[in-house]
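Take a look at the letters that make up each chain.
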Amino acid sequence: MTTPAVPLPTLRRLPRYHQYLARLRDTGQEQISAARMAEVLGVHHTQVRKDLSLAGCLGRPKTGHRVADLMAAIEHFLHWDNHSEAFLVGVGSLGTALLKYPGFGQAGARIIAAFDQDPAKTGRKVGEVPVLPMDKLPGLAERMHVAVGILTVPADAAQAAAELMAASGIRAIWNFAPVTLDLPRNVIVENLELFASLALLLRKLADSSQPAAIG
Ligand code: NAD
């Protein structure tokens, strides 16, 4: 029997729910209802209930959910409790910022090594993460069974770096470079398009500034 596919919007909303729950936990709140979550997060309550039930969280109508149980269920559902070890390639402005960001652990991925072609960047640590020369990547990825790669090289270097990752056994690539990667079908690619998101924001701003039509 195959597991039914979870809708992408649900997968995108669950981390938001988790962030909100973590804030509640930090203030000492122990119980929460789906209706209250819906109100605070601006999502319809039936959608929140559906998302939570897809993640295996069954609330009780009267008391709602225990915050800790909800967080654990979401973490389990998103495999955050089963940390994926990741390599990062390209220790420039963006790569350095990601390496210094402490939140990946909570989101299920742990960057255990970074790689760069520039010898001036290798042989040191950024945050806790060692930066190594590129020729170390294939052997280490295979030996450590690393499945996740984070790609933060310039656009013109991205395809070759991604191919090296794939040939080294990396099966999922989080791509920040603004290029469409051409890789074997068994390699999963998730493109993070920061500028597309910014363009959307600016478009919405422009639309909201239009004078209302006189009808
Ligand atoms: P950067 O020039 O600061 O850093 C790139 C790093 O990649 C350098 O350390 C360089 O030595 C390394 N590199 C180059 N070719 C390589 C190769 N073949 N193998 C291994 N390492 C290599 O660039 P950046 O600003 O950090 O941006 C990185 C990528 O992320 C770019 O594709 C950029 O378009 C994208 N991006 C950046 C930002 C941002 O805010 N900086 C935002 C969105 C997207």
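A brief report on the enclosed structure follows. (Residues numbered from 1 in each chain as written. Predicted model: local features only at pLDDT ≥ 70, side-chain atom pairs only at ≥ 80, totals over all residues. Heavy atoms only, no water.)

When helices and strands are tallied, the protein chain shows eight helices and nine strands. Seen along its three principal axes, the alpha-carbon backbone of the protein chain occupies a region of about 60 × 50 × 40 Å. Looking at the protein chain as a whole, 36% of its 215 residues are labelled buried. The long-range share in the protein chain, meaning contacts at least 24 apart out of those at least 6 apart in sequence, stands at 56%. Accessible area of the protein chain: about 13600 Å², with a carbon and sulfur share of 57%. Distance from the positive charge centre (22 side chains) to the negative charge centre (19 side chains) of the protein chain: 7 Å. (Helix = DSSP H or I, 4+ residues; strand = E, 2+ residues; numbered from the N terminus. Buried < 20%, exposed > 50% of the residue type's maximum accessible area, 1.4 Å probe, protein only. Contact = heavy atoms within 4.5 Å. Areas by Shrake-Rupley, 256 points an atom, 1.4 Å probe, with all protein chains shown as cover. Lys, Arg positive; Asp, Glu negative; His and termini not counted. Charge placed at Lys NZ, Arg CZ, Asp CG, Glu CD.)

As a further point, take the side chain of T152. Along the chain, T152 turns up in the loop between β7 (148-151) and α7 (155-167). From its side chain, T152 meets the backbone oxygen of G90 in a polar contact 2.6 Å long. Contact partners of T152, with chain neighbours within four places excluded, come to L88, V89, G90, L94, G95, L98 and F176. (Polar contact = N/O pair within 3.5 Å; in protein donor to acceptor, adjacent residues only side chain to side chain.)

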